Amino acid sequence: MKSVPHATSLRRAPVQRRSAERLTRILDACADLLDEVGYDALSTRAVALRAGVPIGSVYRFFGNKRQMADALAQRNLERYTERVTERLKQAQRGDWRAAMDAVLDEYLSMKRTAPGFSLVDFGNQIPVGARQAEPNTRVADRLTALLSGYLGRTPDEELRRVFLVAVESADALVQLAFRVDPEGDEAIIVETRELLRAYLGRVLD
C-alpha cells in the first residue's frame, strides 16, 4: 500500500503505518462517495461510516469536507505524476511528443476510471463549478520539474509558462469533451492532441 502524501490540508500528518492506512481508507471512501452522492451531499459522517472508522478519526485529519477533498486532489496529483513517470520510462528520452501523449493519456485514464476524479481531479472544481488557477499552476509546475530533464531543457520561467498555457488549454478542452460525452468525445480529444502538438512544437522542436 502506498503512503498518502502529506497534503497541506491535513490537520495532522500520519506517523505510524496504521494511521497512514486509516487515512488511505478515509480518502478512498471520500472518492467513492463523491461519485455516488456528489460534493454537496458529502459529509464527514458518511465518509467515516464508509471507511469503517470512528468519526473522530476523520476529524483527526480534516476539519471539514473541503479539506478532505483538497487532500484527495493532492493524492490524485501524486498518483498522476507517478503514472506519467512510469510511461516516460518506456519512451525515448527527449521525445516531447511521446511525453505529451503520456501527460494527456494518463489524465484521460484517471478521468475515466479514478473514483471521485470527475469532481475533484487536481482541485479545479471544489467547490463544484469553481474554476481557479491554482491547481493548474500546480500541475504546470510539477510537469516542468518532471519533464525538463527528460527533454533536456532548463526548468526556467519560459518553460513553466509554456506548460501552464498547455495545461490550461488542455484542461478546458478535456472538460468540453466530457460534457459532450461522459466518456470523453474522441473527436475533441483528437483536436486537443493536435492543438498541443502545434503549440508545443513552436517551442520544443
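Residues numbered from 1 in each chain as written. Predicted model: local features only at pLDDT ≥ 70, side-chain atom pairs only at ≥ 80, totals over all residues. Heavy atoms only, no water.

J.: Would you explain the layout of surface pockets in this entry?
T.: Summary: where empty space remains is shown by rolling a probe the size of a single water molecule over the atoms. Considering only enclosed or pocket space, the second largest pocket measures out at about 150 Å³ in volume. K111, S118, L119, F178 and P182 are, among the 13 residues lining the second largest pocket, the residues nearest its centre. Contributions of two or more residues to the lining of the second largest pocket are made by helix 5 (96-113), helix 6 (117-120) and helix 8 (157-180). Looking at side-chain class alone, the lining of the second largest pocket contains 5 nonpolar, 4 polar and 4 charged residues. (1 Å grid on protein atoms, 1.4 Å probe; cavity = no way out; pocket = protein on both sides within 12 Å on 5 of 7 lines; lining within 4 Å. Points joined across faces, edges and corners; volume = space filled by probe spheres on them. Helix = DSSP H or I, 4+ residues; strand = E, 2+ residues; numbered from the N terminus. Nonpolar A, V, L, I, M, F, W, Y, C, P; charged D, E, K, R; others polar.)

J.: Would you mind going over the nonpolar core with me for this structure?
T.: A general tendency of soluble globular proteins is for nonpolar side chains to be buried together. Y80, M100 and L147 are the most contacted members of the largest nonpolar core, which totals 37 residues. Secondary-structure elements contributing two or more residues to this core are helix 4 (65-88), helix 5, helix 7 (134-151), helix 8 and helix 9 (186-204). Leave out the neighbours within four places in its chain, and M100 touches L147, F163 and L200. Among the nonpolar cores identified, the runner-up in size contains 24 residues, and L23, M68, L72 and L119 belong to it. (Core = buried A, V, L, I, M, F, W, Y, C linked by side-chain atoms within 4.5 Å. Buried < 20%, exposed > 50% of the residue type's maximum accessible area, 1.4 Å probe, protein only. Contact = heavy atoms within 4.5 Å.)

J.: I would appreciate a short explanation of helix 9 in the present structure.
T.: Since the α-helix turns once every 3.6 residues, residues separated by three or four places project in the same direction. Taking 1.5 Å per residue as the helical rise, helix 9 with its 19 residues ought to reach 27 Å, and the 26 Å between its terminal C-alpha atoms agrees with that figure. Taken together, the buried positions of helix 9 are occupied by I188, I189, T192, L196, L200, G201, V203 and L204. Of the residues flanking the start of helix 9, the one acting as N-cap is D185, its side-chain oxygen 3.3 Å from the backbone nitrogen of A187. (Expected span 1.5 Å × (residues − 1). Polar contact = N/O pair within 3.5 Å; in protein donor to acceptor, adjacent residues only side chain to side chain.)

J.: I would appreciate a short explanation of the pattern of salt bridges in the present structure.
T.: Here the idea is simple: oppositely charged side chains can pair when their charged atoms come close. Within the structure shown, the criterion is met by 14 salt bridges. Close ionic contact of D28 with R75 constitutes a salt bridge, the shortest N to O distance being 2.8 Å. Of this pair, D28 sits in helix 1 (residues 17-37) while R75 sits in helix 4; the two residues are 47 residues apart in sequence, bridging distant segments of the chain. For D28, a relative accessible area of 32% puts it in the partly exposed group. Relative accessible area serves as the criterion here: at 5%, R75 is assigned to the buried category. If you follow the salt bridges from partner to partner, you end up with R83, R87, D101, D105, E106, R193 and R197 in one network. (Salt bridge = Lys/Arg side-chain N within 4 Å of Asp/Glu carboxyl O.)

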